Amino acid sequence: MRFLADAMVGRLAKWLRALGYDTLYHRDGDDAALLATAAAEGRVLLTRDTRLPRGDLPAGSLLIRSDRVEDQIREVLRAFDLRPTSPGTRCLRCNTLLAPVSREGVAGRVPDFVLTRYTAFRTCPLCRRIYWPGTHRRRMGEVLARLCG
Ligand SMILES: [Zn+2]
């Protein structure tokens, strides 16, 4: 399942990426472009924009009701009966699938304490950001546990 988040649910987009879902984030407010992208790429549109005429929303779009991101994630998982199976596989910044990289491969590109502490790293082939099982992953893990519990 692929998503397209509009400008009003940017944080939700990042979390869906963290959970492993292919999620584009449409930063500008051009409704026509938004709807065109959703249709062209077969993406489920996620929006909080109640001004969008219902009839204009592509089939299967989801109008997000909550303003709390954790509840928003819950809304999406529930609406499509999803159980996240591959968290930590996608770049939070640009949505690209991450690739494993060796400790040697990230030397000099992450802080020394990170290099000595972890052995498993992933990198984004597009924006070059490096990921490791650090703090933000643990916090996300806690939220994920709540979401599934
Ligand atoms: Zn990236």
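Residues numbered from 1 in each chain as written. Predicted model: local features only at pLDDT ≥ 70, side-chain atom pairs only at ≥ 80, totals over all residues.

Take the nonpolar core next. F3, L4, A5, L12, L16 and L46 are the most contacted members of the largest nonpolar core, which has 20 residues in total. Counting only elements with at least two residues in this core, the list comes to β1 (3–5), α1 (10–18), α2 (31–41), β3 (44–47) and α3 (69–79). With five residues, the top contributor of residues to this core is α1. Excluding anything up to four places from it in sequence, L4 contacts L24, H26, T37, A38, R43, V44, L45 and L46. (Core = buried A, V, L, I, M, F, W, Y, C linked by C-beta atoms within 7 Å. Buried ≥ 20, exposed ≤ 12 C-beta atoms within 10 Å, placed from the backbone. Helix = DSSP H or I, 4+ residues; strand = E, 2+ residues; numbered from the N terminus. Contact = placed C-beta atoms within 7 Å.)

Attention now moves to the sheet that holds β3. Here four strands make up an open sheet; going across it, the order is β2-β1-β3-β4 and the pairing parallel. Each edge of the open sheet is held by one strand with a lone partner, namely β2 (23–25) and β4 (62–63). Sitting on the sheet, α1 is in contact with β1, β2 and β3, with an inclination near 155° to β2. (Pairing = 2+ DSSP bridges. Axes fitted to C-alpha atoms, helices over the stretch in contact; angles between N-to-C directions.)

You will see that D81, though not glycine, has its phi angle at about 50°, which is positive. When you line up the elements, D81 lands in the loop between α3 and β5 (99–101). Residue D81 is classed as exposed on the basis of its 6 C-beta neighbours within 10 Å. Not every positive phi belongs to a glycine, and R128 is a case in point at roughly 75°. Within the secondary structure, R128 is located in the loop between β6 (121–123) and β7 (130–131).

Before going further, it helps to examine the domain arrangement of the chain. A common way to express how large an interface is: the accessible area buried when the components associate. Domain parsing of the chain yields domain 1 (3–79) and domain 2 (99–148). For domain 1 versus domain 2, the separation of C-alpha centres amounts to 27 Å. (Domains from an automatic or database assignment.)

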